[in-house]
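Below, each chain spelled out in residue letters.
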Amino acid sequence: PKVTFPRVIFAGLAVRLVLMLYGEWQDANMAVKYTDVDYMVFTDASRFVAEGHSPYDRATYRYTPLLAWLLLPNIWVHVAWGKLLFVVADVMNAVLMRAIINLRAPGIPAHRVTLFCSLWVFNPFAINVSSRGNAEALVAFLVLLSLYLFFKKRLLLASICYGLSVHFKIYPILYSL
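Residues numbered from 1 in each chain as written. Predicted model: local features only at pLDDT ≥ 70, side-chain atom pairs only at ≥ 80, totals over all residues. Heavy atoms only, no water.

Novice: Is there a simple way to explain the overall build of the protein in this structure?
Specialist: Assigned secondary structure in the protein consists of nine helices and zero strands. Ordering the α and β elements of the protein from the N terminus gives α-α-α-α-α-α-α-α-α. The C-alpha atoms of the protein give 17 Å as radius of gyration, which agrees with the globular expectation for 177 residues (16 Å, within 12%). Judged by the C-alpha coordinates and their principal axes, the protein covers about 50 × 40 × 25 Å. (Helix = DSSP H or I, 4+ residues; strand = E, 2+ residues; numbered from the N terminus. Rg over C-alpha atoms; globule rule 2.2 N^0.38 Å.)

Now the structure itself:
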């Protein structure tokens, strides 16, 4: 069968979801946990927010309060909600990469763009980081979305997304220097 972009995205999402499920099993059955330690910190902070307190009541919470609010479904729906959000953001990063490549270099054949995006989708590091519950995929998503919107000349929205990316983590500020 022909390798198409939707198939790559579907396969990348499937791999991440399988690892999420495996991680749930490993967390329940093994001494070494699959889930990132910070994910428990995020969830604890969301629990504080759900109870009407500050996320910073969690002693080691050092992230944006927006993350605690964004992960409230960890408390209300299922503890894996945030992992699912991070996995979807990670796969959407490839969708944004494709859109940016197509905007900036429209002459590149579709199969080659798919290959380039596959390097992200099947990157073991990216897969591991998002499926373990690390929020870095959200930061990357906001940075890529700001670039996409900038190239589409939607400057106000690009600025808002960029500001949010810096609010989540300070390092995207380097991209503006």
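Novice: What should I look at first to understand the packing of helix α5 (residues 81-104) against helix α8 (residues 136-151) in this one?
Specialist: The axes of two packed helices give the description: the angle between them and the distance between them. At a minimum axis separation of 9 Å, α5 and α8 run at an interaxial angle of 25°. Taken together, the axis directions place α5 and α8 in an arrangement best described as roughly parallel. The crossing of α5 and α8 is left-handed. Contacts between α5 and α8 involve Leu85, Phe86, Ala89, Asp90, Met92, Asn93, Leu96, Met97, Ala99, Ile100, Leu103 and Arg104 from the first element and Ala137, Leu138, Ala140, Phe141, Leu144, Leu145, Leu147, Tyr148 and Phe151 from the second. Across the contact of α5 with α8, the residue classes break down as 18 nonpolar, one polar and two charged. (Axes fitted to C-alpha atoms, helices over the stretch in contact; angles between N-to-C directions. Parallel < 35°, antiparallel > 145°, perpendicular 65-115°, else oblique. Left-handed = near helix turned anticlockwise from the far one by under 90°. Contact = heavy atoms within 4.5 Å. Nonpolar A, V, L, I, M, F, W, Y, C, P; charged D, E, K, R; others polar.)

Novice: I keep staring at α8 and nothing clicks. Help me out?
Specialist: One turn of the α-helix equals 3.6 residues, which is why residues spaced by three or four share an orientation. Taking 1.5 Å as the rise per residue, α8 with 16 residues should run 22 Å; its terminal C-alpha atoms sit 23 Å apart, in good agreement. The complete set of buried residues in α8 reads Ala137, Leu138, Val139, Leu142, Val143, Leu144, Leu145, Ser146 and Leu149. On its buried face, α8 is in contact with α3 (65-70), α5, α7 (124-131) and α9 (155-168). Count one or two residues on from α8 and you reach Lys153, which has phi positive near 65°. (Expected span 1.5 Å × (residues − 1). Buried < 20%, exposed > 50% of the residue type's maximum accessible area, 1.4 Å probe, protein only.)

Novice: Help me out: how do you make sense of the packing of aromatic side chains in this one?
Specialist: Two measures describe an aromatic ring pair: the distance that separates the ring centres and the angle between the ring planes. What the rule picks out here adds up to ten aromatic pairs. With centroids separated by 6.5 Å and ring planes inclined at 75°, the aromatic side chains of Tyr39 and Phe42 adopt a geometry described as edge-to-face. Of this pair, Tyr39 and Phe42 are both found in helix α2 (residues 37-50), three residues apart, which corresponds to roughly one turn of the helix. Phe42 matches Tyr39 in its accessibility class, with the two residues each being buried. When the centroid spacing of 6.3 Å and the interplanar angle of 85° are considered together, the rings of Phe42 and Phe86 count as edge-to-face. (Phe/Tyr/Trp six-rings, centres within 6.5 Å; stacked < 30°, edge-to-face > 60°.)

Novice: Would you explain the nonpolar core in this entry?
Specialist: Considering soluble globular proteins, one finds that nonpolar side chains tend to be buried as a cluster. With 19 residues, the main nonpolar core has Phe42, Tyr61, Tyr63, Leu67, Phe86, Leu138 and Phe168 as its most contacted residues. The dominant element in this core, judged by the number of residues it contributes, is α2, at five residues. Val91, Val113, Val121 and Leu149 belong to the second-largest nonpolar core, a separate cluster that totals 16 residues. (Core = buried A, V, L, I, M, F, W, Y, C linked by side-chain atoms within 4.5 Å.)

Novice: When you look at the pattern of salt bridges in this model, what are you seeing that I'm missing?
Specialist: Pairing is possible between side chains of opposite charge, provided their charged atoms come close. For the coordinates displayed, the defined rule picks out seven salt bridges. Asp90 is the partner of Arg16 in a salt bridge, and the nearest nitrogen-oxygen pair spans 2.8 Å. Residue Arg16 is found in helix α1 (residues 5-29), and its partner Asp90 is found in helix α5; the two are separated by 74 residues along the sequence. For the pair formed by Arg16 and Asp90, the shared burial category is buried. A salt bridge links Glu136 to Lys169, with the shortest nitrogen-to-oxygen separation between them at 2.8 Å. Taken together, the positions of Glu136 in helix α8 and Lys169 in the segment after α9 put the pair 33 residues apart, joining distant regions of the chain. It is possible to trace a salt-bridge network through shared partners that takes in Glu24, Asp27 and Lys83. (Salt bridge = Lys/Arg side-chain N within 4 Å of Asp/Glu carboxyl O.)

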